[in-house]
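# Structural overview for review
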Amino acid sequence: MLLTLTTTHRPATDLGYLLAKNPARLQTFNLPFGRARVFYPEASEARCMAALMLEVDPVGLVRRRRGPSGEGDALEQYVNDRPYVASSFLSVAISRVFGTALSGNSRERPELAATPIPLEAEVVCLPCRGGEAFLRALFEPLGYSVQARQHPLDDSQPDWGMSRYFTVRLAGTRRLTDLLSHLYVLIPVLDDQKHYWVGRAEVEKLLRHGEGWLESHPERETIARRYLAHRRSLARAALDRLVVEEQPEEATDPEPEPESAVPEKTVSLDEQRRTAVLATLEELGASRVLDLGCGEGKLLRALLKNKKFTEIVGMDVSLRSLEVAEERLGLGPDGRLPARVRERIRLIHGSLVYRDARLTGFDAAAVVEVIEHLDPPRLTAFERSLFHFARPAHVVLTTPNAEYNVKWASLPADTFRHPDHRFEWTRAEFEAWARGVAGRARYSVRFAPVGPVDETAGPPTQMAVFSRAARG
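Anyway, here's the lowdown on the structure attached to this text.

Quick notes on the rules
- Residues numbered from 1 in each chain as written.
- Predicted model: local features only at pLDDT ≥ 70, side-chain atom pairs only at ≥ 80, totals over all residues.
- Heavy atoms only, no water.
- Helix = DSSP H or I, 4+ residues; strand = E, 2+ residues; numbered from the N terminus.
- Buried < 20%, exposed > 50% of the residue type's maximum accessible area, 1.4 Å probe, protein only.
- Contact = heavy atoms within 4.5 Å.
- Areas by Shrake-Rupley, 256 points an atom, 1.4 Å probe, with all protein chains shown as cover.
- Lys, Arg positive; Asp, Glu negative; His and termini not counted.
- Salt bridge = Lys/Arg side-chain N within 4 Å of Asp/Glu carboxyl O.
- Polar contact = N/O pair within 3.5 Å; in protein donor to acceptor, adjacent residues only side chain to side chain.
- Axes fitted to C-alpha atoms, helices over the stretch in contact; angles between N-to-C directions.
- Left-handed = near helix turned anticlockwise from the far one by under 90°.
- Nonpolar A, V, L, I, M, F, W, Y, C, P; charged D, E, K, R; others polar.
- Pairing = 2+ DSSP bridges.
- Phe/Tyr/Trp six-rings, centres within 6.5 Å; stacked < 30°, edge-to-face > 60°.
- Lys NZ or Arg CZ within 6 Å of the ring centre and 35° of its normal.
- Arc of directions from axis to C-beta.

Our focus in this paragraph is the overall build of the protein chain. In terms of regular secondary structure, the protein chain is built from 17 helices and 14 strands. Evaluated residue by residue, the protein chain yields a buried proportion of 50% over its 472 residues. Restricting to contacts in the protein chain with at least 6 residues of sequence separation, those with at least 24 account for 71%. Summed over all atoms, the accessible surface of the protein chain reaches about 22,900 Å², with 50% contributed by carbon and sulfur.

As structure tokens, then:
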């Protein structure tokens, strides 16, 4: 079982500092299931390669194993592929041997540990239950160039066909901690088999090592299910914590207190946003509309009520949210929607940060209270996928105005309106970002307030309306 890590960052031998392993000597580590060795086949200023070789002791595993009565006679315990393939054993070895690098720490090179550098990883004999397509679906969305060579079942018997084992090479400019985290999680996902008992502790490991990338991965549900050994309760617990579902407005976005008398009817900020977005879409003359990050379908329901919107597509990264939206909109097999209404709408699973051909050719896209849930480094990918690839004629985008937060006494100072928000922008910050996007993508942009406007703090929600510039 072999994993190699290579860099051409100069001086390349700094890889030894990042891994906390001296390139000048062979190092051996005893593990509960065998032995790991770390050595460097190549170590120069221009290129450095570190190798982790894992030797699994299958007989020792059986002797120490505690299973049901009679299990010890099972031949499969002694004759299997575990000593020869990359599996959860390799993930454990990564955490035990490269634990410092996995956590993103380096005593000698802390700045380098936090810096993306050119890295290449090769995993020899990786089981891919799902084939090359699934392998690519896991790693390519993370920005890696993937090379995969499938092995035959037997070189001397070509008629037997190909095996499920691949030698895989990943290349990209990443932090070493990111690369190791991806390998730690996704190797057992591809193998779809764990060598140890999977309990609640594995949920914490998945969330810890998946932080910053798993929540927006298009295969998130499959990753959680396989990593947690298909234990539904654990997978659901992990997914519930990965994605904060759409919450009632009163719980996450409190209304400003009235200045004088109580109005006859209080209109929530959530409703004011939908009204503003719908009015803008009508003003733009859009008929084919995307709702990106549609959640549980509140805006979709309002769009369906207006016959001017002839094609409506809701997309969300959360399958659970889409299931709720399908039920609430009456789109299921026993749904209440008439056929002519049902034909106008469809729900799709996808992520805002990856290119998706299904999103091209629309009159407008609504992105309502979504971007603040993205990690700031992923905004560039969001910009590319929506404004440079999908390129709808118009984009209507809303986000909280951080300056307005002081108007809510119930919101502690220096906190966001929602625990899943990764940032909240002031009006100047939002306008600077939006103008930059518009300039790079050849759109014009205008801004509008949503909700009551305070003389000093501005509106609670800020809206940007992008319109694609005519070619000429």
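As a further point, take the environment of Asp191. Note on placement: Asp191 falls in helix H7 (residues 176-191). Overall, Asp191 belongs to the buried group, its relative accessible area being 0%. In this structure, the C-alpha to C-alpha distance between Asp191 and Arg164, residues 27 residues apart in sequence, is 9.5 Å. Here Asp191 is in contact with Arg82, Ala86, Ser87, Pro127 and Arg129, once residues within four sequence places are set aside.

This part covers the side chain of Asp291. In this fold, Asp291 is placed in strand E8 (residues 288-292). Buried charge without a salt bridge: Asp291, with Arg274 as the nearest opposite-charge side chain at an N-O distance of 9.1 Å. Ignoring any residue separated from it by four or fewer positions in sequence, one finds Asp291 in contact with Leu299, Leu300, Val313, Gly314, Met315 and Ala366.

This paragraph deals with the side chain of Ser106. Residue position: Ser106 is located in the loop between helix H4 (99-102) and helix H5 (110-113). Judged by its relative accessible area of 8%, Ser106 falls in the buried class. Reaching out from Ser106, the side chain makes a polar contact with the backbone oxygen of Tyr17 at a distance of 3.5 Å. With residues up to four places along the chain from it excluded, the contact list for Ser106 reads Tyr17, Leu18 and Ala113.

Here helix H8 (residues 200-209) crosses helix H9 (residues 220-227) at 145°, and the two axes come no closer than 10 Å. For H8 against H9, the interelement crossing comes out right-handed. Contact residues: H8 offers Glu202, Lys205 and Leu206, while H9 offers Ile223, Ala224 and Tyr227. Class assignment of the residues belonging to the contact of H8 with H9 gives a composition of four nonpolar, no polar and two charged.

Moving on to the sheet that holds strand E2 (residues 27-31). The sheet built from seven strands is open, its strands ordered E2-E3-E4-E1-E5-E7-E6 with antiparallel pairing. Of all the strands in the sheet, just E2 and strand E6 (145-152) have a single pairing partner and so form its edges. Strand after strand, the sheet turns through a mean of 15° between neighbouring axes, direction not considered. Summarising the sheet, E2 and strand E3 (residues 34-43) pair through five bridges and their orientation is antiparallel. When the bridges of E3 are listed, Leu31 appears paired with Gly34. Sheet strands touched by helix H3 (residues 88-97): strand E1 (2-7), E2, E3, strand E4 (48-56) and strand E5 (117-127). Its angle to E4, the strand with the most contacts, is close to 125°. Relative to E5, H7 is tilted by about 15°, and along the sheet it contacts E1, E5 and strand E7 (162-174).

Another aspect to go through is the packing of aromatic side chains. In total, this model carries twelve aromatic pairs according to the counting rule given. Centre to centre, the rings of Phe139 and Tyr144 are 6.2 Å apart; their planes meet at 75°, and the pair counts as edge-to-face. Both residues of the pair, Phe139 and Tyr144, count as buried. Joined through ring pairs, the aromatic side chains of Phe382, Phe387, Phe423, Trp425, Phe430, Trp433, Tyr443, Phe447 and Phe466 make up one cluster. Sitting over the ring of Tyr144, Arg174 keeps its end group 5.4 Å from the ring centre. Over the ring of Phe362 we find Arg288; its NZ or CZ atom is 4.5 Å from the centre of that ring.

When helix H6 (residues 131-139) is considered as a whole, its buried residues turn out to be Phe134, Leu135, Leu138 and Phe139. Across the axial projection of H6, the buried residues extend over an arc of 125°, all falling on one side. On its buried face, H6 sits against E5, E6, E7, H7 and H9.

Here the focus is the pairing of E4. A large share of E4 lies buried, amounting to seven of its nine residues. Pairing of E1 with E4 involves six bridges; the strand directions are antiparallel. Within E4, the residue paired with Leu5 across the bridge is Ala50. In the sheet, E3 pairs with E4 via eight bridges, with the strands oriented antiparallel. In the strand pairing of E4, Arg37 is matched with Met53.

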